[in-house]
Amino acid sequence: MEIGMFLGLLVATALALIFVLLRRGDHPTEDVEGLLIEQRRRLQAHQDRIDYASLSTYTLLNGTSDRHLP
């Protein structure tokens, strides 16, 4: 019974996510505010890729800095 409920909840969550993604579509943003939001999100994603890259994470976890690495 619990497994069935868990799988049902998992399927319902997946369907909800698919619905949200399909509803959004690939429509271009037409107003300035939307473009600024997209630009901030793109810059934040870029910064996150830099911050959480394997080398950055390695140096953060080991307490070393980049100047000690070859």
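Rules of the game
Residues numbered from 1 in each chain as written. Predicted model: local features only at pLDDT ≥ 70, side-chain atom pairs only at ≥ 80, totals over all residues. Heavy atoms only, no water. Helix = DSSP H or I, 4+ residues; strand = E, 2+ residues; numbered from the N terminus. Buried < 20%, exposed > 50% of the residue type's maximum accessible area, 1.4 Å probe, protein only. Areas by Shrake-Rupley, 256 points an atom, 1.4 Å probe, with all protein chains shown as cover. Expected span 1.5 Å × (residues − 1). pLDDT = per-residue confidence, 0-100. Patch = residues over 30% accessible without salt bridge, like charges linked within 9 Å, V, L, I, M, F, W, Y side chains within 5 Å. Salt bridge = Lys/Arg side-chain N within 4 Å of Asp/Glu carboxyl O.

Which residues make up the overall build of the protein, and what values do they have?
The helix and strand tally for the protein stands at 3 helices and 0 strands. For the protein, the N- to C-terminal ordering of α and β elements is α-α-α. Considering the protein as a whole, with its 70 residues, one finds that 3% of them fall into the buried category. Carbon and sulfur atoms make up 65% of the accessible area of the protein, which amounts to about 6,900 Å² in all.

Give a description of helix H1 (residues 2–24) that names residues and reports values.
The first and last C-alpha atoms of H1 sit 33 Å apart over 23 residues, in line with the 33 Å expected at 1.5 Å per residue. A small share of H1 lies buried, amounting to 0 of its 23 residues.

Explain the confidence of the model for the protein residue by residue, including any values.
On average, the protein scores 79 in pLDDT, and the residues at 70 or more come to 70%. By mean pLDDT, the top-scoring element of the protein is H1 (91), and the lowest-scoring one is helix H3 (residues 54–62) (63).

Account for a nonpolar patch on the surface, naming residues and giving values.
Taken together, the side chains of Ile3, Phe6, Leu7 and Leu10 define a hydrophobic patch exposed on the protein surface, amounting to about 450 Å² of accessible area. Topologically, phenylalanine 6 is positioned in helix H1. Residue class for phenylalanine 6 comes out exposed when judged on its relative accessible area of 54%.

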